[in-house]
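Topology and contacts: notes
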Amino acid sequence: MNADVIIIGAGPAGASCAKRLSDAGVKVLIIESKKLPRAKPCAELISAQAFNFLKQEFKTDQNSPLFTYQSSDVAFYAGQKRITTLKSYSNTFYVDRRNFDNFLIESALASGAELMDDSKVVNYDHELKKVYLQGGEQLQAKFIVGADGPLSIVGKNLYGKIKNHRKNTAVGVVAKIPRESVKLIIPDPGYCTRPNIYFSVINWGYGWVFPNKEYLNIGVAGLIQQNKNIKKSFEHFFEQLPLKVKTAVNPVGHIVPFGKEAIRLGKQDTLLAGDAAGLVEPVTGEGIYFALQSGLYAAQTILTKLKSDCIMAHDYKKRCRPILRVLRQANFLRCLLFHKRCHHSTIKLIGKRKKYAQNFMDILSGEIDYIGYCKKSLF
């Protein structure tokens, strides 16, 4: 199978990259380890940045069936105590990752990309730009994009294991609970229709109960180094929620790369995007927007290389500067929210003054960056 570019991974980063390249007439092959469509553990809240990206690049709007639920209010908790509620905050959008990822990849295929799903990559030779599949097949291309998640085979080949792995990796544990099996046991009719954000239920992280069309998305996420057993933290969190659940709960874990040591953009004719590049916001865990945007940047870098003799790694890093700037800000300021010396004071401020809660939601939704957060919080 001939291709100019091989993209490993059919998530948002891979699909975004494939669509832009295919729209430009480049021959693209996407390799995905799972059979599509497939589910993906995720909180499934779409930031304003991701919403605007999808509107521009994939021609969606707020009425698209891609967005399975919308809400406006939001509540904050310290442990199980509600500390503040924002009424009519803003339209917040949610997706089902199985359908969402499938929509993105189908858009890339409609633009001309080709797909090999249910095809696991087991090794990658950077010098030869050769991809080795589990069944023994070998594939080559001029350019390789690793969009294969936080345990990226491509990233491992280029850089080895992430330094300070436990310090720079979080784990999220998520469960989807069908609405018909949930009974609310407190007098709070808005609970199942708004995002509920829980602080102080896990170290260096937070918990959530997010609404969706047919289920509630419930989860926690926190740094591995700061938590002995994140699955047990989820179980304790879930038991304390004001919900009576009739069906069995089957939580699923997933890895989230955090910290500057996790950021790895690629070398020479091989680029990394999304989680594979470590492009995840370390306060909120937002990754979808950065995956979409970095996939686009990777495509733009390859298109530039095809037209001129640019140094790909330098061009790509330059394009990624807006993302890297936000991640640097977040790494610096997350101590204010999660460090034990600051955490309780920050949570008190969120509870006492609604502007701090508003500012946190603006960060979570991507309406402002952390410089904007500081300015709005201090003045």
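Refer to the structure printed above.
Residues numbered from 1 in each chain as written. Predicted model: local features only at pLDDT ≥ 70, side-chain atom pairs only at ≥ 80, totals over all residues. Heavy atoms only, no water.

1. What to know about the sheet that holds strand S13 (residues 169-178)
Backbone hydrogen bonds are what pair the strands of a sheet, in a parallel or an antiparallel way. Spatially, S6-S5-S15-S16-S17-S13-S19 is the arrangement adopted by the seven strands of the open sheet, whose pairing is mixed. Among the strands making up the open sheet, the edge pair consists of strand S6 (81-86) and strand S19 (252-257). Each neighbouring strand pair of the sheet contributes to a mean axis angle of 20°, computed without reference to strand direction. Across three bridges, the pairing between strand S15 (residues 196-199) and strand S16 (residues 205-211) is antiparallel. Bridge pairing in S16 places Tyr198 opposite Gly207. Contacting S13, S15, S16 and strand S17 (215-223), helix H5 (residues 230-240) crosses the sheet at an angle of about 135° to S17. (Pairing = 2+ DSSP bridges. Helix = DSSP H or I, 4+ residues; strand = E, 2+ residues; numbered from the N terminus. Axes fitted to C-alpha atoms, helices over the stretch in contact; angles between N-to-C directions. Contact = heavy atoms within 4.5 Å.)

2. Some remarks on empty space enclosed by the protein
According to the stated counting rule, one finds one cavity of 30 Å³ or more in the structure shown. Roughly 50 Å³ of internal volume is contained in the largest cavity. What lines the largest cavity is simply Ser16, Lys19, Arg20, Asp23, Phe53, Glu57, Phe58 and Leu296. Secondary-structure elements contributing two or more residues to the lining of the largest cavity are helix H1 (12-23) and helix H2 (48-57). When residues of the lining of the largest cavity are assigned to their parent elements, the largest contribution, four residues, is made by H1. (1 Å grid on protein atoms, 1.4 Å probe; cavity = no way out; pocket = protein on both sides within 12 Å on 5 of 7 lines; lining within 4 Å. Points joined across faces, edges and corners; volume = space filled by probe spheres on them.)

3. Section: the environment of Asn168
Relative to the elements of secondary structure, Asn168 occurs in the loop between helix H4 (153-159) and S13. Classification of Asn168 by relative accessible area gives buried; the value is 2%. Along the primary structure Asn168 and Gly222 are separated by 54 residues, whereas in three dimensions their C-alpha atoms are 11 Å apart. (Buried < 20%, exposed > 50% of the residue type's maximum accessible area, 1.4 Å probe, protein only.)

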